[in-house]
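# Structural features, examined
Below are the chains, spelled out letter by letter.
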Amino acid sequence: MPLPFLTADRAFDTTDHVALPFDDHDEWRRPYRPGSWRVGTAALALLLASFVLLAAVIIAAAGAFGGAGVTLGIAALVIVAALRMLRMGAWVSRAGVRRVSFFSTVTVPWTKVVSVRTAQQPVRWLGLPRTVQGQALVLDRQGGEQLLLLTTHNADFLSRIEAFDRAADTVEAWNAEYGTAPAVTR
């Protein structure tokens, strides 16, 4: 039974490559859906925050307002951490590509990008120190610096190889459309 409302998947399921009216290339967008590991971890953190908020209400009702304030602050930190975790990943726009990690954000304009390529290399498993053999989408910047945008073993693409391939192809297409072609030296 088809449903009459549009979902986020609808933009990716169309066979014609016509931009939708809300498809603004100046807005920062993630070229893939967040993975189940990332969403599940954030959901568990928000569930924990709801219990901590309930504890803050109970502590405040008992009259210990200092303890309630501290507990409320802990809940706020857990909520902010969960929201930041959902924001992590690679984002693209007409201005460039942005890599958002938990504590920092790196934005590289398309004019500073030399190449975007997929490489077979050791990658970190779910962001932990353990490394496994996998694929990574590597952005080469001017000056020889490299930036890892996506990996097959991060929280977005663990056991979703097809989704990684689609996301890598999408970022490479953005680079082909808005990036500058490297000068050929002889």
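Residues numbered from 1 in each chain as written. Predicted model: local features only at pLDDT ≥ 70, side-chain atom pairs only at ≥ 80, totals over all residues. Heavy atoms only, no water.

## Thoughts on helix H2 (residues 36–61)
Definition in use: Numbered from the N terminus, helices here are DSSP runs of H or I no shorter than four residues, and strands are runs of E no shorter than two. A helix's residues, less one, multiplied by 1.5 Å, set its expected span. The rule is simple: take the accessible area with a 1.4 Å probe, protein chains only, and divide by the maximum for that residue type; under 20% is buried, over 50% is exposed, in between is partly exposed. Every residue pair with non-hydrogen atoms within 4.5 Å of one another is taken to be in contact.
If you check H2, its first and last C-alpha atoms are 37 Å apart, about what 26 residues at 1.5 Å a residue would give, namely 38 Å. Here H2 has its buried residues at Arg38, Ala42, Ala45, Ala49, Val52 and Ala56. Close packing links the buried residues of H2 with helix H3 (65–87). The positive-phi residue at the C-terminal boundary of H2 is glycine 63, with phi of around 100°.

## Digging into the confidence of the model for the chain
Quick reminder of the rule: Think of pLDDT as the predictor's per-residue confidence, scored from 0 to 100.
For the chain, the mean per-residue pLDDT works out to 85, and 84% of the residues sit at or above 70. H3 holds the highest mean pLDDT among the elements of the chain, 96, whereas helix H1 (residues 10–13) holds the lowest, 52.

## A few points about the sheet that holds strand S6 (residues 146–151)
Applicable threshold: Strands were regarded as paired on the criterion that DSSP finds at least two bridges between them. Axis definition: a line fit to C-alpha positions, over the contact stretch in the case of helices; interaxial angles, taken between N-to-C directions, run 0 to 180 degrees.
Read across the open sheet, the three strands follow the order S4-S5-S6; overall the sheet is antiparallel. Looking at which strands have only one partner, the edges of the open sheet turn out to be strand S4 (113–124) and S6. Shown here is a sheet whose adjacent strand axes are inclined to one another by a mean of 30°, direction ignored. Summarising the sheet, S4 and strand S5 (residues 131–141) pair through eleven bridges and their orientation is antiparallel. When the bridges of S5 are listed, arginine 117 appears paired with valine 138. Contacting S4, S5 and S6, helix H4 (residues 161–178) crosses the sheet at an angle of about 160° to S4.

## Here's the deal with the pattern of salt bridges
Note the threshold: A carboxyl oxygen of Asp or Glu within 4 Å of a side-chain nitrogen of Lys or Arg is what we treat as a salt bridge.
Applying the stated rule across the entire model yields four salt bridges. The partner of arginine 117 in a salt bridge is aspartate 140, and the shortest N-O contact between them spans 2.9 Å. One end of the pair, arginine 117, is in strand S4; the other, aspartate 140, is in strand S5, and 23 residues separate them in sequence. Judged by relative accessible area, arginine 117 falls into the partly exposed class, the value being 31%.

## Topic: the packing of aromatic side chains
To be explicit about the condition: Each Phe, Tyr or Trp ring (for Trp, its six-membered ring) is paired with any other whose centre lies within 6.5 Å, and the angle between the two planes then decides the class: stacked below 30 degrees, edge-to-face above 60, tilted in between. The criterion for a charge sitting over a ring is simple: Lys NZ or Arg CZ within 6 Å of the ring centre, and within 35 degrees of the ring normal.
Counted under the stated rule, the structure contains four aromatic pairs. Measuring from ring centre to ring centre gives 5.7 Å for phenylalanine 157 and phenylalanine 164, while their planes differ by 80°; the resulting arrangement is edge-to-face. Look at phenylalanine 157 and you get buried, because its relative accessible area is 0%. Among the aromatic side chains, those forming a connected cluster through ring pairs are Tyr32, Phe157 and Phe164. Across the ring face of tryptophan 91, the terminal group of arginine 87 is positioned such that the distance to the ring centre comes to 4.4 Å. The ring of tryptophan 125 carries the charged tip of arginine 130 above its face, separated from the ring centre by 5.6 Å.

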